[in-house]
Amino acid sequence: MDKGVFKVSDKLNVKGWTAEALFILMWKHQMFVNRCYQRKLVWDLKENQLFIDSLLNKYPVPSIILSEYEVKTENDIDDNYEIIDGLQRLNAIALFMRGKFPIKYNGQYMYFDLHYCPGAAVALEKGDIQQLTPVLPFEACNELRYAEIPVVVTTQRADRLEKIELIFNRINSQGRKLSSHDVRQANNIGPFADLVRRVATIVRGDYTYDDKIDILDMPKISLKSKGLDYGVNPDTSFWIKHDFFQFNNFRQSKDEELLAGTLAMCLLGDKFHVNAKSLDKLYDSSSESSQQAAAVIESLGQEALEREFSDIIVEIDKIFSAVDSNFSAYLFAESKVANKDICFSTLFYTLYCLRKEGFVIADYVTVANNLKRYCESTFNLIVANSAYDVRDKVINVLHAMLKKVMVKQLIRQRTEDDELLEELLSLSSVELQMVDFKIGLTYFRDGNWNNDEIEQIGKTLVAMSNTNHAKYSIGYVIVGVADNEEAYNDWNAVYNQMPVKYSKHYVVGMQYEATRNYKNVDEFVRVFSQKLRKLDISSQLLSYVLENMRVADFNGRDLLLLPVCHTGNSRYKGELYRREFSKTIKVES
């Protein structure tokens, strides 16, 4: 069929669904988001409230478009739905019916009564969730539950992916509230678009191994904003930490747009001119530049490029962290300067070229100082004039200057643990069922063993062994990683060492902790293994952990890996435990 021809009559099923019917599908985990072409959650609190108010007042709302497909279960076949258009609206329904935000009703902000929310009544009785007050009256809750929303359903076919891309293209070319880069990304699922998207998620901290995400998990991997307690804190992100742009630009995918132009330079050379027109061509799969980029990605390997580009972000972060500052504050007298994004791209591209030549940074303070010393002949030139000949001149100066303060060495052979750790550190909160991070094994204040933490590790190992995960047959407790800034700050107050920031994690290693009271890491691990042996853990599981535990180097930080296999019915002190997302839960007998 001609891709430009789309017959609604024989392709689509249009009907009215109630808000509650849509929520039940979400609650039963039958509605999914495909991150290949879906943007993240971007509605703020006011926009969510406005949509719910429209439903209550029976105002017309746009259609939600779903793609239906069948999934075989053990005993039946379920109908699942992939969201083509309507993610923000569906999320608003899910949040409101779970009591996550109030709306204004009769002059007062009120919450949905959770007794009318499918699945919530039992959780309320058990005390697992709490009803926020004041509560909407019965009639208002019912108005919301039975509010009808137009839903367009397209069924699964062999050409389903092509059809979804066509529909998405039509939707996003008709003036919807999307940034220019959101439109580019939504309308293209080719190699370059996919590379940019995945690198962006690693840098933001919302990476997921699988692009298919349960809609109820989307808040866990979306940016927090006022009134919406989502899982990714933008204030700790690389982009806002280094003051490249403000939160509103972040919501409109400015980070992905900046990465797109920067990565295109790396793939196609510094003669690639970054502007709106050239980016549009890159996201047009029929264009010459798009096909050239795809060929380079295929040649070098997408996963290898994801690692390379993510590592350069880590290097830039380490440069300015080494002088206790950030890109903007360290290099410029004022935070608001023109063409700061181009300055970033030139530094990134130069580091990429030097890494290809075998140069690495040995002294981050020296690199930072030289960047500042040569600022007048590099970044300040771009601030004053962003012409392409100026950018080329700056790249040449940066290359010569950085080459003098970097060292050339043989690249260490990558190991399986390198790839494993990069993947595990990139996982979002929705995928941490079989991974648990510990910043250390001792008390920071005195260096004595933290026996409570060691016991918790024992429980977590047991819980992972009782969890049969679809992707990870091996789980890991990893020591030497803080998964939030507060934990790192407590550690840093004692050890005064800079971390390796990777995704949302602060990798501190355990060598500083180990050498505080022991001669080296090996002795520290030996004493810890003795303590582990004394824990009351099922013998088969304990033997597996002790035989396979190991120390792995990650960017110069020693991490202790405690692997655990699925055995089933493992116990700690006679008790059963299991994993619920990233938590270890005791199973009631």
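Anything mentioned here points back to the structure above.
The shown structure was predicted, so the numbers you read here are calculated from the model rather than taken from an experiment.

Turning next to the sheet that holds strand S13 (residues 481-482). If you walk across this open sheet you meet the three strands as S13-S15-S14, and the pairing is antiparallel. In this open sheet, the two edge strands, each paired with only one partner strand, are S13 and strand S14 (500-502). Of the strand pairs in this sheet, S14 and strand S15 (residues 505-507) are connected by three bridges, and their pairing is antiparallel. Bridge pairing in S15 links Tyr502 to His505.

With that settled, the discussion passes to the pattern of salt bridges. Tallied over the entire structure, the rule returns 30 salt bridges. The partner of Arg204 in a salt bridge is Asp206, with the nearest N and O atoms 3.1 Å apart. Where salt bridges share partners, they join Arg35, Arg204, Asp206, Asp255 and Glu256 into one cluster.

For the pair helix H8 (residues 191-204) and helix H11 (residues 254-268), interaxial distance at closest approach is 9 Å and the crossing angle is 120 degrees. One element, H8, and the other, H11, form an angle in the oblique class. The hand of the H8/H11 crossing is right-handed. Facing Phe192, Leu195, Val196, Arg197, Val199, Ala200 and Arg204 of H8, the residues of H11 in contact are Asp255, Glu256, Leu259, Ala260, Leu263, Ala264 and Leu267. Looking at the contact of H8 with H11 residue by residue, the classes come out as ten nonpolar, no polar and four charged.

A complete count under the given rule lists five cavities of 30 Å³ or more for this structure. Taken as a whole, the largest cavity spans an internal volume of roughly 190 Å³. Along the walls of the largest cavity sit 18 residues, with Arg35, Gln38, Arg39, Lys40 and Glu256 positioned nearest its centre. When residues of the lining of the largest cavity are traced back to their parent elements, those giving at least two are helix H7 (180-186) and H8. Its residues placed into classes, the lining of the largest cavity shows five nonpolar, five polar and eight charged. By volume, the second largest cavity is sized at about 130 Å³. Lining the second largest cavity are Ile202, Val203, Thr236, Ser237, Phe238, Ser310, Ile313, Val314, Asp317, Lys501, Tyr502 and Ser503. Looking at the lining of the second largest cavity, the elements with two or more residues in it are H8, helix H14 (302-321) and S14.

Taken together, the buried positions of helix H25 (residues 539-548) are Leu541, Leu542, Val545 and Leu546. Taken around the axis of H25, the buried residues stretch over an arc of 125 degrees, which confines them to a single face. Residues of H25 that are exposed and point over 90 degrees away from its buried face: Ser539, Gln540 and Glu547. Packing partners of the buried residues in H25 comprise helix H21 (451-465), helix H24 (521-533) and strand S17 (557-565).

Further remarks concern the packing of aromatic side chains. As enumerated under the stated definition, the model contains 32 aromatic pairs in all. Seen in terms of ring centroids, Trp239 and Phe244 are 5.8 Å apart; in terms of plane orientation they differ by 65 degrees. Their pairing is edge-to-face. Across the pair, exposure class does not vary: Trp239 and Phe244 are buried alike. Taking the centre distance of 6.1 Å and the plane angle of 55 degrees together, the rings of Phe327 and Phe332 count as tilted. Like Phe327, the residue Phe332 is buried in the burial classification. In this arrangement the basic side chain of Lys212 is found over the ring face of Phe32, its NZ or CZ atom lying 4.4 Å from the centre. Sitting over the face of the ring of Tyr506, Lys501 holds its NZ or CZ atom 5.0 Å from the ring centroid.

We now examine the state of the cysteines. Within this structure, the stated rule accounts for zero disulfides. Free cysteine: Cys141, not disulfide-bonded; nearest cysteine sulfur from Cys117 at 10 Å. Taking the relative accessible area as the measure of exposure, Cys141 reaches 0% and is therefore buried. For Cys343, which is in no disulfide, the shortest distance to another cysteine sulfur is to Cys375 and amounts to 7.5 Å. Under the relative-accessibility criterion, Cys343 is labelled buried at 0%.

Time to look at the environment of His399. For His399, the position within the fold is in helix H19 (residues 388-405). Once the C-alpha coordinates of His399 and Leu354 are considered, the two residues, 45 residues apart in sequence, prove to be 7.3 Å apart. Every residue in contact with His399, bar those within four places of it in the chain, is listed here: Thr350, Cys353, Leu354 and Glu357.

Read across the sheet, four strands follow the order S11-S12-S17-S16 without closing on themselves; strand pairing throughout is mixed. Both edges of this open sheet fall to strand S11 (435-438) and strand S16 (550-554), since each of them pairs with a single strand only. Going from strand to strand, the sheet's axes swing by 30 degrees on average, the running direction of each strand aside. Where S11 meets strand S12 (residues 474-479), four bridges bridge the pair, whose relative direction is parallel. Within S12, the residue paired with Lys438 across the bridge is Val479.

In this section: unusual backbone geometry. Cis geometry is adopted by the peptide bond preceding Pro134, which originates at Thr133 and carries an omega value of 0 degrees. Looking at where Pro134 falls in the secondary structure, it is placed in the loop between helix H4 (120-126) and helix H5 (138-145). The phi torsion at Asn106 lies on the positive side, around 55 degrees, for a residue other than glycine. Along the chain, Asn106 falls in the loop between strand S5 (103-105) and strand S6 (108-110). Its identity as a non-glycine residue notwithstanding, Ser503 has a phi of 55 degrees, on the positive side. Tracing the sequence through the fold places Ser503 in the loop between S14 and S15. Here Ser503 falls in the buried class, since its relative accessible area comes to 10%.

Procedures and definitions
Residue indices begin from 1 for each chain and proceed along its sequence in written order. Note on the predicted model: pLDDT of at least 70 is required for a residue's local features to be given, and 80 or more for side-chain atom pairs to be given and counted; whole-chain, interface and lining totals, by contrast, use all residues. Calculation of side-chain values draws on the structure's entire complement of heavy atoms; hydrogens and water are dropped beforehand. Here the rule is simple: two strands pair whenever DSSP picks up at least two bridges between them. By the criteria applied, helices consist of DSSP H or I runs no shorter than four residues and strands consist of E runs no shorter than two, each listed in order from the N terminus. One speaks of a salt bridge when a side-chain nitrogen belonging to Lys or Arg is within 4 Å of a carboxyl oxygen belonging to Asp or Glu. To get an axis, fit a line to the C-alpha atoms, keeping to the stretch in contact for a helix; angles then go from 0 to 180 degrees between the N-to-C directions. In this scheme, roughly parallel covers angles under 35 degrees and roughly antiparallel covers those over 145, while 65 to 115 is roughly perpendicular and the rest are oblique. The hand of a helix crossing depends on one turn: near helix anticlockwise from the far one by less than a right angle means left-handed, and clockwise means right-handed. By definition in these notes, contact holds between two residues if any of their heavy atoms fall within 4.5 Å. Asp, Glu, Lys and Arg are counted as charged, while Ala, Val, Leu, Ile, Met, Phe, Trp, Tyr, Cys and Pro are counted as nonpolar; the rest, among them Gly, fall into the polar class. A 1.4 Å probe that fits but cannot get out identifies a cavity on a 1 Å grid over protein atoms alone, an open set with protein on both sides within 12 Å along at least five of seven lines counts as a pocket, and a residue lines either if it has an atom within 4 Å of a point. Grid points are joined across faces, edges and corners, and a volume is the space filled by probe spheres set on the points. The classification of residues rests on relative accessible area computed with a 1.4 Å probe and restricted to protein chains. Under 20% of the type maximum is buried, over 50% is exposed, and intermediate values are partly exposed. Directions pointing from the helix axis toward each C-beta atom define the arc. Any pair of Phe, Tyr and Trp rings, taking the six-membered ring for Trp, is counted once the centres come within 6.5 Å. Such a pair is stacked with planes under 30 degrees apart, edge-to-face with planes over 60 apart, and tilted for the rest. A ring is considered to have a charge above it if a Lys NZ or an Arg CZ atom is located within 6 Å of its centre and within 35 degrees of its normal. Cysteine sulfur atoms that come within 2.5 Å of each other are treated as a disulfide pair.

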